[in-house]
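Residues per chain, in single letters:
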Amino acid sequence: MTQVDLFRLGLTYPGRAVAALEDLTLSVKSGSMTAILGPSGSGKSTLLKLIAGTIVPDRGDIQFDAGSILSLQPEQRGAVMVFQDHLLFPHLTVAGNVGFGLRMRGVARQQIDRAVRDMLDKVQMADFGPRRAASLSGGQQQRVALVRALIVQPKVLLLDEPLSSLDAYLRSEMRDLIIALQRETAVTTLLVTHDQQEAMIMADSVALMMAGRLVQHDLPDVVFQRPASIAAARFFGARTFVEGTVQAGRFVSSLGVLDLGASFSDGPGILTIRPEAVQLGQDAENTLAATLRSRQFMGTQTLLRLAVGPVELEALVPPDRAVGLEPGCAVQVHLPRPALWILPKGTLADG
Amino acid sequence: MKGWGRWFRNAARGLLILWSVAALVPLGIWSFARGWRFPDVVPRTLTLDAWRFALSDSSGVLGSLWISIVISAMVTALALIIGLPAGRVLGLYRFRGKTMVEAAVLAPLILPGNVIALGLHGVFLRLGLTNSVAGVVLVHLVPTLPYMILVMAGVFARYDPAHEQQARSLGATALQTLWHVTLPAILPGILVGSLFTFLISWSQFVLTLMIGGGRVTTLPLLLYGFATAGRNDLTGAIAIIYILPGILAVLATVRHVSGRSAAIAHAGRA
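Residues numbered from 1 in each chain as written. Chains lettered and ligands numbered in written order. Predicted model: local features only at pLDDT ≥ 70, side-chain atom pairs only at ≥ 80, totals over all residues.

Student: Go over the overall build of chain B with me, naming the residues and quoting the values.
Tutor: In terms of helices and strands, chain B carries 12 helices and two strands. The C-alpha extent of chain B, read off along each of the three principal axes, is 70 × 65 × 35 Å. Burial status across chain B gives 34% buried among its 270 residues. (Helix = DSSP H or I, 4+ residues; strand = E, 2+ residues; numbered from the N terminus. Buried ≥ 20, exposed ≤ 12 C-beta atoms within 10 Å, placed from the backbone.)

Student: Could you give me a rundown of the overall build of chain A, with the residues and numbers involved?
Tutor: When helices and strands are tallied, chain A shows 10 helices and 20 strands. Based on the C-alpha atoms only, the size of chain A along its principal axes is roughly 75 × 45 × 35 Å. Considering chain A as a whole, with its 351 residues, one finds that 39% of them fall into the buried category. Here the contacts in chain A between residues at least 6 apart in sequence split such that 68% fall between residues at least 24 apart. (Contact = placed C-beta atoms within 7 Å.)

Student: Any chance you could break down the interface of chain B and chain A for me, citing the residues and the numbers?
Tutor: Each partner contributes to the interface: chain B provides 14 residues, whereas chain A provides 17 residues. No other element matches helix H8 (residues 162-169) of chain B, which puts six residues into the side of chain B that touches chain A. Here the side of chain B that touches chain A is built from residues that sort into six nonpolar, seven polar and one charged. (Nonpolar A, V, L, I, M, F, W, Y, C, P; charged D, E, K, R; others polar.)

Student: Help me get a handle on the sheet that holds strand E2 (residues 21-28) of chain A, residues and values and all.
Tutor: Across a sheet, paired strands are connected by hydrogen bonds in the backbone, their directions being either parallel or antiparallel. Residue and element names in this part refer to chain A. The four strands are arranged E2-E1-E4-E5 in an open sheet whose pairing can be described as antiparallel. Whereas interior strands pair on both sides, the edge strands pair on one side only; in this sheet they are E2 and strand E5 (67-68). Both strand E1 (residues 4-11) and strand E4 (residues 59-64) contribute to a ladder of five bridges, which runs antiparallel. Within E4, the position partnered with Leu-6 by the bridge is Ile-62. Docked against the sheet, helix H1 (residues 44-52) engages E1, E2 and E4, running at close to 115° with respect to E1. (Pairing = 2+ DSSP bridges. Axes fitted to C-alpha atoms, helices over the stretch in contact; angles between N-to-C directions.)

Student: Could you give an account of the environment of Gln166(B), with specific residues and numbers?
Tutor: Relative to the elements of secondary structure, Gln166(B) occurs in helix H8. The exposure class of Gln166(B) is buried, given the 28 C-beta atoms found within 10 Å. Gln166(B) sits 11 residues away from Thr177(B) along the chain, and the two C-alpha atoms are 9.3 Å apart. Discounting residues that sit within four places of it in the chain, Gln166(B) has contacts with Met81(A), Phe83(A) and Leu87(A).

Student: Before we move on, can you summarise the packing of helix H6 (residues 138-150) of chain A against helix H7 (residues 168-185) of chain A with the specific residues and values?
Tutor: All names here are of chain A. Axis separation between H6 and H7 bottoms out at 11 Å; the angle between their running directions is 10°. Between H6 and H7, the crossing angle belongs to the class labelled roughly parallel. In this structure, H6 uses Gly-139, Gln-142, Arg-143, Leu-146 and Leu-150 to contact H7, whose residues at the interface are Leu-170, Met-174, Leu-177, Ile-178, Leu-181 and Thr-185. Class assignment for the residues of the contact of H6 with H7 results in seven nonpolar, three polar and one charged. (Parallel < 35°, antiparallel > 145°, perpendicular 65-115°, else oblique.)

Student: Before we move on, can you summarise H8(B) with the specific residues and values?
Tutor: Of all eight residues in H8(B), six are buried; the element is thus mostly enclosed. Among all positions of H8(B), only Glu164(B), Gln165(B), Gln166(B), Ala167(B), Arg168(B) and Ser169(B) are buried. Buried-residue contacts for H8(B) involve H1, helix H2 (74-77) and strand E6 (79-82) of chain A together with helix H9 (174-202) of chain B.

Student: Now, about the confidence of the model for chain B: what can you tell me, with residues and values included?
Tutor: All names here are of chain B. Scored by pLDDT, chain B comes out at a mean of 83, with 93% of its residues at no less than 70. Put simply, helix H12 (residues 232-269) is where chain B has its lowest mean pLDDT, 67, and H8 is where it has its highest, 93. For residues 260-270, every residue scores under 50 in pLDDT, and the model assigns this stretch two contacts once sequence neighbours within four places are set aside. Taken together, the chains of this predicted complex give a pTM of 0.78 and an interface ipTM of 0.83. (pLDDT = per-residue confidence, 0-100.)

Student: How would you sum up the sheet that holds strand E14 (residues 267-273) of chain A? Please name residues and give values.
Tutor: Residues and elements named next belong to chain A. Here five strands make up an open sheet; going across it, the order is E13-E12-E11-E14-E20 and the pairing antiparallel. With one partner strand each, in any of the chains shown, strand E13 (256-259) and strand E20 (341-344) form the two edges of the open sheet. Ignoring strand direction, the axes of neighbouring strands in this sheet form an average angle of 40°. Where strand E12 (residues 250-253) lies against E13, four bridges are found, and the strand directions are antiparallel. Paired with Phe-251 across the bridge in E13 is Leu-258.

Student: Could you give me a rundown of the nonpolar core, with the residues and numbers involved?
Tutor: By size, the foremost hydrophobic cluster in this structure holds 133 residues, and its most contacted members are Ile51(A), Leu158(A) and Leu208(A). Once you skip the residues sitting within four places of it in the chain, Ile51(A) turns out to touch Ile62(A), Ala79(A), Val156(A), Leu158(A) and Leu190(A). Membership of the second largest hydrophobic core comes to 14 residues, among which are Ala54(B), Leu65(B), Ala237(B) and Ile241(B). (Core = buried A, V, L, I, M, F, W, Y, C linked by C-beta atoms within 7 Å.)

Student: How would you explain the pairing of strand E11 (residues 240-247) of chain A if you had to name every residue and give the values?
Tutor: Residues and elements named next belong to chain A. As paired elements, E11 and E14 share seven bridges and run antiparallel to each other. In the sheet register, Gly-244 faces E14, and the bridge partner there is Gly-269. By the bridge criterion, four bridges tie E11 to E12 in an arrangement that is antiparallel. Along E12, the bridge assignment pairs Gly-244 with Ser-253.

Student: I'd like a description of H1(A), backed by residues and values.
Tutor: All names here are of chain A. For H1, the buried fraction is high: nine of the nine residues fall into the buried class. When H1 is considered as a whole, its buried residues turn out to be Lys-44, Ser-45, Thr-46, Leu-47, Leu-48, Lys-49, Leu-50, Ile-51 and Ala-52. Directly after H1, the chain includes Gly-53, whose backbone phi takes a positive value near 95°.

Student: I'd love a proper account of the packing of helix H7 (residues 133-157) of chain B against H9(B), names of residues and values included.
Tutor: Residue and element names in this part refer to chain B. Look at H7 against H9: their axes get within 9 Å of each other, and the N-to-C directions meet at 165°. Between H7 and H9, the crossing angle belongs to the class labelled roughly antiparallel. Pair H7 / H9 crosses with right-handed handedness. Seen from H7, the contacting residues are His-140, Pro-143, Thr-144, Tyr-147, Met-148, Val-151, Met-152 and Val-155; seen from H9, they are Ile-186, Gly-189, Val-192, Gly-193, Phe-196, Thr-197, Ile-200 and Ser-201. Tallied by class, residues from the contact of H7 with H9 come to 10 nonpolar, six polar and no charged. (Left-handed = near helix turned anticlockwise from the far one by under 90°.)

Student: If you had to explain the environment of Ala35(A) to someone new, which residues and values would you point to?
Tutor: Residues and elements named next belong to chain A. Checked against the element boundaries, Ala-35 lands in strand E3 (residues 33-37). Each C-alpha atom, one on Ala-35 and one on Ile-151, is 22 Å from the other, the two residues being 116 residues apart in sequence. Not counting residues within four places of it along the chain, the set of residues in contact with Ala-35 comprises Leu-191, Thr-193, Ala-199, Met-202, Ala-203, Val-206 and Ala-207.

Student: Lay out unusual backbone geometry in plain terms, naming residues and giving numbers.
Tutor: Even without glycine at this site, His86(A) takes up a positive phi of about 65°. Despite not being glycine, Asn131(B) shows a phi value in the positive range, around 60°. Summarising the element assignment, Asn131(B) is placed in the loop between helix H6 (113-127) and H7.

Student: For the environment of Glu164(B), give the residues involved together with the corresponding values.
Tutor: All names here are of chain B. Its place among the elements puts Glu-164 in helix H8. Looking at Glu-164, the number of C-beta atoms within 10 Å reads 20, which means it is buried. Counting along the chain gives 12 residues from Glu-164 to Gln-176, while the straight-line C-alpha distance between them is 9.9 Å. Here Glu-164 is in contact with Thr-177, Val-181 and Thr-182, once residues within four sequence places are set aside.

What follows is the structure in C-alpha cells.
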C-alpha cells in the first residue's frame with residue numbers, strides 16, 4: 001500500500017522543441033487503480049518510465065509515501081513495470097521468468113519454487129512452469145508477465161497498455177483478471193491506456209493526459225460526463241460545441257434558450273452534449289426543430305447529422321428509431337437537462 | 001527439377017568437403033614420410049621423426065603455439081571489450097553521421113594488410129611497441145575489429161533493450177541485468193564474433209612479421225620458415241598443429257553458430 005505523488009514533473013527529450021511532460025502534478029491514492037488515459041503521444045508512457053526510473057525528469061519530484069524516490073536506482077524503487085509486449089526473457093522457462101525477481105533478491109531456491117507455483121496457480125497456468133516462454137500464446141505470456149511482476153510484491157504496479165496486444169476475445173478475460181489480482185493484492189496501480197472504455201471499466205480514478213499535460217483527474221464517470229476542456233470532450237466523443245451565455249440556469253445561444261439541469265455560474269460558456277444523449281422526438285423541455293443532413297448506419301447505432309439553425313448537432317440513436325428518416329426531412333430533438341454540460345468560456349481555441 | 005536440385009546440392013556439398021580436405025591429405029602424408037620424391041606415388045618409408053622433432057623443445061613449435069594462442073586470445077578479448085559497446089551503439093541507435101562511422105569501421109577491410117603495417121610501423125616504432133607481443137596484439141586488432149563490430153551490431157539490431165528495463169524494474173542491479181539478461185541474449189553473437197576474431201588473428205602473417213620484427217614468432221611465421229627451408233616433413237607436421245586450434249574452436253562453438261545459421265537459413269526460405 002503506497003501513495004504515489006507526482007509534483008510538477010517536466011521532461012523535454014534531447015533535441016525536441018516540445019516538452020514530453022509539462023508541469024504534471026498527480027496524486028495516486030494508496031491501493032487504488034488509476035488509469036492514465038490519453039491519445040498516443042500524450043506522454044502517458046513517459047510518465048510510467050519516469051516512475052519506474054528508466055528516465056529521469058528535468059524538473060519536479062516523484063514521491064512514494066511522501067518520500068522522494070528520484071535518487072533511487074530503478075531496482076530500488078519497488079515500482080514494477082509490465083510492458084505492452086510482455087517482454088518475457090526468451091532464454092528462461094516460464095518458472096524462470098516468474099521467479100526472476102526473487103532470484104535477483106537472493107531468495108532461497110525452495111521459497112522461490114513455492115512462490116512461483118502459487119503464482120502460476122493464480123492464473124491457471126500451474127502446469128506451464130517448465131515450458132519455454134516463446135512457446136506461449138499472447139494471452140498466456142501476458143499472464144506470466146503479470147505474475148512475474150506481482151511475485152516481488154511491488155509497492156507500485158505500472159501497466160503499460162496491458163490489453164492492447166491481445167486479441168479482442170481475450171481482452172475482457174485479461175481485464176477481469178487484472179482487476180481481480182489488483183483487488184486481491186491491493187497494490188497501487190497505474191494503468192496506461194488509450195482506450196477510454198478500458199479506463200472506465202478498470203480504474204477507480206482516471207487521469208486524462210493531453211500533449212504532456214494533465215487535463216483532468218477524477219472519478220471515471222465525472223471525467224466522462226463533465227470534461228474539463230473541449231479537447232477532453234472531443235476525446236470522449238463529443239462533437240457538438242456551441243458558444244453562448246449562462247443566465248440564471250439557462251443557456252442562451254444560437255440554439256435558443258435551453259434549460260440547464262445543474263447550476264452553472266453566469267457568464268459566457270461553451271455548451272456540449274454527447275451524441276448518444278440527444279433524443280429524437282418532443283419533450284417538455286429543450287425541444288428543438290432540426291433538419292436531417294445525413295444518416296450513417298453504424299451497427300448498434302445510427303449517426304444522425306442534424307442542423308439546428310446554424311448549429312450542427314450529432315445524434316446517436318438506436319437504428320430502428322432512424323427508420324424512414326431521409327436527409328432533408330424535419331425532425332424534432334430534445335436535449336435532456338442532465339446531459340447538458342457547460343465548459344468554461346475560453347477553451348474553444350484549444351479545441 | 002526437385003531431383004536435380006538435390007543432386008546438385010549434394011554434389012556441391014561433396015566438392016566443398018573435398019576442397020577443404022584435399023589440401024590436408026598431402027600435408028598428412030608428408031608429416032610421416034621420409035624421402036618422398038618424384039616419381040614415387042607413396043613415400044618409401046614412414047617415420048615419426050618429423051613429429052618427434054616438431055614436439056621437441058629444440059624445434060620451437062610448442063613455444064610458437066603458445067605465443068600464437070596467447071596473442072589470439074588477447075586479441076579476441078580486446079576486440080570483445082571494444083566491439084561489444086561499439087556494436088551496441090551501431091545496432092541500437094540512429095544518430096547523425098552513422099554511415100560515416102560504419103564506413104570508418106569497414107575501412108581496414110578494404111586496405112591491404114601490408115599497407116596498414118607499413119603505415120603503423122612508424123607509429124609503433126615511436127611508441128616503442130615494435131618487436132613486442134603487445135604491439136602484435138594491437139596490430140591484430142586492425143583486421144579483426146571490423147568483423148567483431150559488424151557481428152555485434154547485427155546481434156544488437158535484433159535485440160530489444162527494453163528487456164533490460166524490465167529486469168531492472170523487477171529488482172535486478174545493472175550488473176545482474178548484464179549477466180542474467182543481456183549476455184544470454186547476445187551469447188551467439190559473442191561466440192561468432194570471437195570465433196572470427198580468433199581465426200583471423202591466428203592466420204596473420206604480414207602484420208605479425210612487420211610489427212613483431214621477427215622476434216615474435218607465431219606459428220605461421222615458424223611454419224613459413226620451415227616451408228621455405230624445404231623441410232616438407234616438418235612443414236606438414238607443423239601445418240597440422242597449426243590447423244588444429246581452428247578446427248577445435250569451430251567444433252566448440254558450432255552448436256550455437258549453426259543454431260544461428262539455421263535461423264538465417266529458415267528466414268531465407270520464408
